[in-house]
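# Descriptive structure summary
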2 protein chains.
Amino acid sequence: MSDDSSPARIAATLRQWIAAAPPGAKLPSTRSLVAQHGASPVTVQKALRSLAAQGVVESRPGVGTFVRAARPNDFGWQTAALGSPNHRIPELPTALQSAPNDAVALHSGYPERALLPERLVRAAFTRVARTDALVDRPPTAGLPELQSWFAAELESATPAGTTPVAPSDVVVIPGSQGGLSTAFRALVGAGRPLLMESPTYWGAILAAAQVGVEVIPVPSGFNGPDPDAVSRAFEQSGARAFYAQPSFASPTGALWSPELAGRVLDTVRQHGAFLIEDDAAHDFGMTADPRPVAAQDDGGHVVYIRSLSKSVSPAVRVAGLIARGPARKRILADAQAESIYVSGVLQAVALDVVTQPAWRTHLRRLRHELKTRRDLLVESLREHAPGVALEAVPQGGLNLWARLPDAVDLGRVIQECKSAGVIIGAGSEWFPAEPTGQYIRLNYAGPNPGAFPDGARTIGQVLARAA
Amino acid sequence: MSDDSSPARIAATLRQWIAAAPPGAKLPSTRSLVAQHGASPVTVQKALRSLAAQGVVESRPGVGTFVRAARPNDFGWQTAALGSPNHRIPELPTALQSAPNDAVALHSGYPERALLPERLVRAAFTRVARTDALVDRPPTAGLPELQSWFAAELESATPAGTTPVAPSDVVVIPGSQGGLSTAFRALVGAGRPLLMESPTYWGAILAAAQVGVEVIPVPSGFNGPDPDAVSRAFEQSGARAFYAQPSFASPTGALWSPELAGRVLDTVRQHGAFLIEDDAAHDFGMTADPRPVAAQDDGGHVVYIRSLSKSVSPAVRVAGLIARGPARKRILADAQAESIYVSGVLQAVALDVVTQPAWRTHLRRLRHELKTRRDLLVESLREHAPGVALEAVPQGGLNLWARLPDAVDLGRVIQECKSAGVIIGAGSEWFPAEPTGQYIRLNYAGPNPGAFPDGARTIGQVLARAA
């Protein structure tokens, strides 16, 4: 066989032919290429496959091989059709980025695999795979047993004399992110004001931008918001809703005192308003338990969202949204229009996991493990990165919220840390408006906690150079 | 043991005590009730449990038993906080109702269990339950392999000379309903005009109401819309998007001819607009194959939604949305803000099912089974319910769309059929505005097709009485 009949040679000859042909032109048949090059059909096929892999031709089985259109598509017309966006949705934050395996990843928003109840989830999927959950369409408000579980969880924190929520107050939703969008659409609406803690969870900032509500930031920190500031913001804006994370807030880790919870609830009542309570870190208490404000309210003022995706499994996109009265009706109508219902398999798996006795055991182990990691990261920072100022050590949640000296260039610090293999989140992603300081968020639930001292050392070195 | 110490007697005595006590009051301790009634602790517990089951008291383990607040909660304040809705979301349609087991259910929007690839789905869940899909968070745009599958499906219908879509053009979304909401929000927006076929899929009407777009109905029927009417509607409304189901539309079953598809595509191009193509019935061809208009377009004019929930399993809430250029960016931003990502398990299961050779076998069997059911229902109606006028027999989809005589009271016919055990959908649910006639939708994919003749007989009898 001559050199001329190698796949590479045939491909090169064909490339010349293609360069002169119009897009969509049909290549000579395999048979004629075999004859032309004195090659075997296998060799010709290899040549065609290499051209297809390069995107030069496309093959349509049974029809032939065609010159692929090389022109870049022009979608410029879409600019006029789409118009200016009413409200820009921000880019996804650092918390969702994936990191190289050898990096010290302090940026994630999610607990790593070792912190998940993997065996429980695996067993639950295997069990549920044998049931009718695979073929049944569950009710739009959720599986009754799962509604009951969410209601019972909140009831267990409800004081005597307060009417507990009923299972029928629960709407099961496909993850808490959709719950935030739904609550903001159903209770607030585009162009209307919504109070939000600042800083606050980036997912809520994203949902607020998507819905197009007018965000009214209320300063908050490790002790939660000042209830007088909440009251003033209600008065000045005319808002009828306040989004907050009273238990282990992202990013500060704040846990509202019972007194603060009572005062915020009073304020909300006085203004005929809603508290949209995001209890995302419910399962991540370390040295304290979560304190759902919703448990204190039977007047329909608190709309409560409890997620299971973060603590059960990222594959189990299930959350419970609890609301009463007309608010629940609006929320259910929006949730139905958005997703009709939540996968019965995911609901059954979530229910299976959280009703196993081993779930409680897992939560106790998780509590201990998170505390160990938190302590290691705090000590590492104190020892190796004294420029990182921790306002306080959180009692729950997955993050440390720390301030850097005002003089440093935050973007540059983050970039230099990244170059040195340490990934951290810029605090600006947690502010609905301008950041009030040079903050960073450090997650201690990512993989490889043994590298925390090294990571802290790197941060310390970068800061020392930046000072 | 005297009568006085039975659980019922103790409960009756406690009811009197409770009636005089304020809500939240603590009941006497079990010990004192034991002493008072000369009963065993077990008997007292039984009495308390019966009161708790009646909702009269609530027990807090370790604390005691309390009088439950009897007052009805007053959520009237929410009326002011919520205000009038910007746009009312309609109630869920008949298609989502559940029916008694012995009813002839011609109303459902979903294929029954016997039409699903149950064994494939079960095997896929069992396989995936062993993988890392349980603990991994997939990319926000979807699993790359599933993106590739959706792209390849559309590419297989793409003519030579048209640039096929790329896997990166695909956004995996949690069900097509969310895709409709996302497309309407991202491409149209609240208050802006959107052309829709009329009649059309109720889920799209729901999504349009949720987003608050201004719906511009375009008359359509078994032959699809008149392209001149589409063009006029674009001109008169200034709309930049047209929602349609070109392959086996719900409810009419319409399959656009290649010529019609070409003319609509030309019209859309001329108006610098989008066709939002909902290919929901892609897998439900009987005597024809679906003809995705998106395959004809490489200019970014067609935004294409392909669902897998209906044909794979109601538990596998997975769909693919395909768009190019800036439109895809806006769609992805909205989808991320709504759900961040789609469960990796559901994506892996969907991919597993549709890439099995047995999936093709299932689709062939489904094709045959649907056709048999369709023919049986058509014949039954012709024989027993001559008042039901079928404009045409659909070549795909799950439904017959039929017209009743103008003189009958549609609501009453539907009610009387229901009383006689035959559940049918009122055509009004498929009209974005006023219905143009007395239509009904009859689904032949529900359970128990053997009852079609009986069902048709009942409809015929009800119509005969109504005439």
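Residues numbered from 1 in each chain as written. Chains lettered and ligands numbered in written order. Predicted model: local features only at pLDDT ≥ 70, side-chain atom pairs only at ≥ 80, totals over all residues. Heavy atoms only, no water.

Moving on, we get to the pattern of salt bridges. Residues and elements named next belong to chain B. In this structure the tally under the stated criterion is 44 salt bridges over all chains. For the salt bridge of R113 with E118, the shortest nitrogen-to-oxygen distance reads 2.9 Å. Residues R122 and E118 are paired through a salt bridge, measuring 2.7 Å at the closest nitrogen-oxygen approach. Taken together, the positions of R122 and E118, both in helix α5 (residues 118-128) and four residues apart, correspond to about one turn of that helix. (Salt bridge = Lys/Arg side-chain N within 4 Å of Asp/Glu carboxyl O. Helix = DSSP H or I, 4+ residues; strand = E, 2+ residues; numbered from the N terminus.)

Our next topic: the sheet that holds strand β14 (residues 425-426) of chain A. Sheet strands line up and pair through hydrogen bonds in the backbone, either parallel or antiparallel. All names here are of chain A. In spatial order, the strands read β11-β12-β15-β14; together these four strands make up an open sheet with antiparallel pairing. With one partner strand each, in any of the chains shown, β11 (389-390) and β14 form the two edges of the open sheet. Bridging between β14 and strand β15 (residues 439-443) involves two bridges; their strand directions are antiparallel. When the bridges of β15 are listed, G425 appears paired with R441. Helix α14 (residues 357-384) rests against β11, β12 (399-403) and β15 of the sheet, and its axis sits at about 20° to β12. (Pairing = 2+ DSSP bridges. Contact = heavy atoms within 4.5 Å. Axes fitted to C-alpha atoms, helices over the stretch in contact; angles between N-to-C directions.)

Let's shift gears to the environment of V44(B). Residue and element names in this part refer to chain B. Following the sequence through the fold, V44 ends up in helix α3 (residues 41-53). Among the residues examined, V44 registers a relative accessible area of 0% and is labelled buried. With sequence-adjacent residues up to four places away left out, V44 is seen in contact with I10, T30, L33, V34 and A39. (Buried < 20%, exposed > 50% of the residue type's maximum accessible area, 1.4 Å probe, protein only.)

The partner chain A presents 88 residues to the 89 residues of chain B that form the contact. Buried area between chain B and chain A, both sides added, is near 7600 Å², and the carbon and sulfur share of it is 54%. Considering only the side of chain B, the residues that lose the most area to chain A are W77(B), L82(B) and E338(B), jointly responsible for 9% of the buried surface there. Counting every contact that joins chain B to chain A gives four salt bridges. Here R113(A) makes a salt bridge to D132(B), at a shortest N to O gap of 2.8 Å. (Buried area = accessible area lost by both parts, 1.4 Å probe.)

Residue and element names in this part refer to chain A. It is at 10 Å that the axes of helix α15 (residues 410-419) and helix α16 (residues 452-466) come closest, and there the two elements cross at 135°. Judged by the inter-axis angle, α15 sits oblique to α16. When you trace α15 past α16, the crossing you get is right-handed. On the side of α15, the interface is formed by V413, E416 and C417, while α16 contributes I459, V462, L463, R465 and A466. Of the residues contributing to the contact of α15 with α16, the split by class is six nonpolar, no polar and two charged. (Parallel < 35°, antiparallel > 145°, perpendicular 65-115°, else oblique. Left-handed = near helix turned anticlockwise from the far one by under 90°. Nonpolar A, V, L, I, M, F, W, Y, C, P; charged D, E, K, R; others polar.)

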